[in-house]
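Spelled out, the chains give:
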Amino acid sequence: LYRRAALFSRRHVMAGALAAPFFPAPSTSQGATHEVLSCCMNLARLFPASLDSARALGMVCRSCDLAEETPSELIDALCPDPASRALLASGPEDAIRRWADAKSRADFAAGRVARADGWVFAETEIRLFSLLAGM
């Protein structure tokens, strides 16, 4: 009986080893997950006394089409270059505020806005608040 159990276990191990290359790789890498978490945590620092309100606003923003993007896609859209990614992930609060303000003003000037629950948001605002709502 012991010998059969050992053989049976060995067969399962061999079958698993042969089947492993056919399983798809995970879609989200650990590095991307860490980047999303770093960006969200750094963004949350901008709202020390009103994080719950910012998240509630993010839930309103989620009714927009832009907010249906995944957190990684939101960050890709917000930060097309490595410098802005680094800023969002680990920059000082005042620099992130200036960066977000400049991007939002540019969105309004270019007409990149959306309405949600009677509010008019810049695309940058929708993405930033959606990130916070997903935390």
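Along each chain, the written sequence defines residue order, and numbers are assigned to residues from 1. At least 70 in pLDDT is required for a residue's local features to be given in this predicted model, at least 80 for side-chain atom pairs to be given and counted, and no such filter applies to totals for whole chains, interfaces and linings, which use all residues. Side-chain numbers come from the whole structure's heavy atoms, not from hydrogens or water.

Draft legend 1. Fine view of the side chain of Ser 130. Relative to the helices and strands, Ser 130 resides in helix α7 (residues 123-133). For Ser 130, a relative accessible area of 1% corresponds to the buried category. Polar side-chain contacts of Ser 130 include one of 2.7 Å to the backbone oxygen of Ile 126. Segments assigned H or I by DSSP are reported as helices when at least four residues long, segments assigned E as strands when at least two residues long, and all are numbered from the N terminus. Only protein chains enter the area calculation, which uses a 1.4 Å probe; residues under 20% of their type maximum are buried, those over 50% are exposed, and those in between are partly exposed. Under the rule applied, a polar contact is a pair of N or O atoms within 3.5 Å (in protein, one hydrogen donor and one hydrogen acceptor; residues adjacent in sequence only if both atoms are side-chain atoms).

Draft legend 2. How the structure looks around the side chain of Ser 104. Structurally, the position occupied by Ser 104 is in helix α6 (residues 93-110). On the basis of relative accessibility, which here comes to 8%, the residue Ser 104 falls in the buried class. The contact criterion used is simple: two residues touch if any of their non-hydrogen atoms lie within 4.5 Å. Excluding anything up to four places from it in sequence, Ser 104 contacts Ala 122, Thr 124 and Glu 125.

Draft legend 3. Broad picture of the environment of Arg 85. Here Arg 85 shows up in helix α5 (residues 82-90). Once the C-alpha coordinates of Arg 85 and Glu 35 are considered, the two residues, 50 residues apart in sequence, prove to be 8.6 Å apart.

Draft legend 4. Summary view of the layout of surface pockets. In this structure, the largest pocket occupies an estimated 210 Å³ of space. What lines the largest pocket is Leu 43, Leu 46, Phe 47, Arg 97, Ala 100, Asp 101, Ser 104, Glu 125, Leu 128, Phe 129 and Leu 132. Where the lining of the largest pocket is concerned, the elements lending two or more residues are α6 and α7. The distinction between a cavity and a pocket rests on a 1 Å grid over the protein atoms alone: a 1.4 Å probe fits inside a cavity but cannot get out, while a pocket stays open yet meets protein on both sides within 12 Å along at least five of seven lines, and a residue with an atom within 4 Å of a point counts as lining. Grid points are joined across faces, edges and corners, and a volume is the space filled by probe spheres set on the points.

Draft legend 5. Representation of the pattern of salt bridges within the structure. The working definition used for a salt bridge is a side-chain nitrogen of Lys or Arg within 4 Å of a carboxyl oxygen of Asp or Glu. Taken as a whole and judged by the stated rule, the model has seven salt bridges. Across the salt bridge formed by Arg 45 and Glu 93, the nearest N and O atoms sit 3.4 Å from each other. One end of the pair, Arg 45, is in the loop between α2 (30-44) and α3 (51-61); the other, Glu 93, is in helix α6, with 48 residues separating them in the sequence. Through salt bridges that share partners, Glu 35, Asp 76 and Arg 85 make up one connected network.

Functional significance is not addressed by these values, which are geometric in nature.
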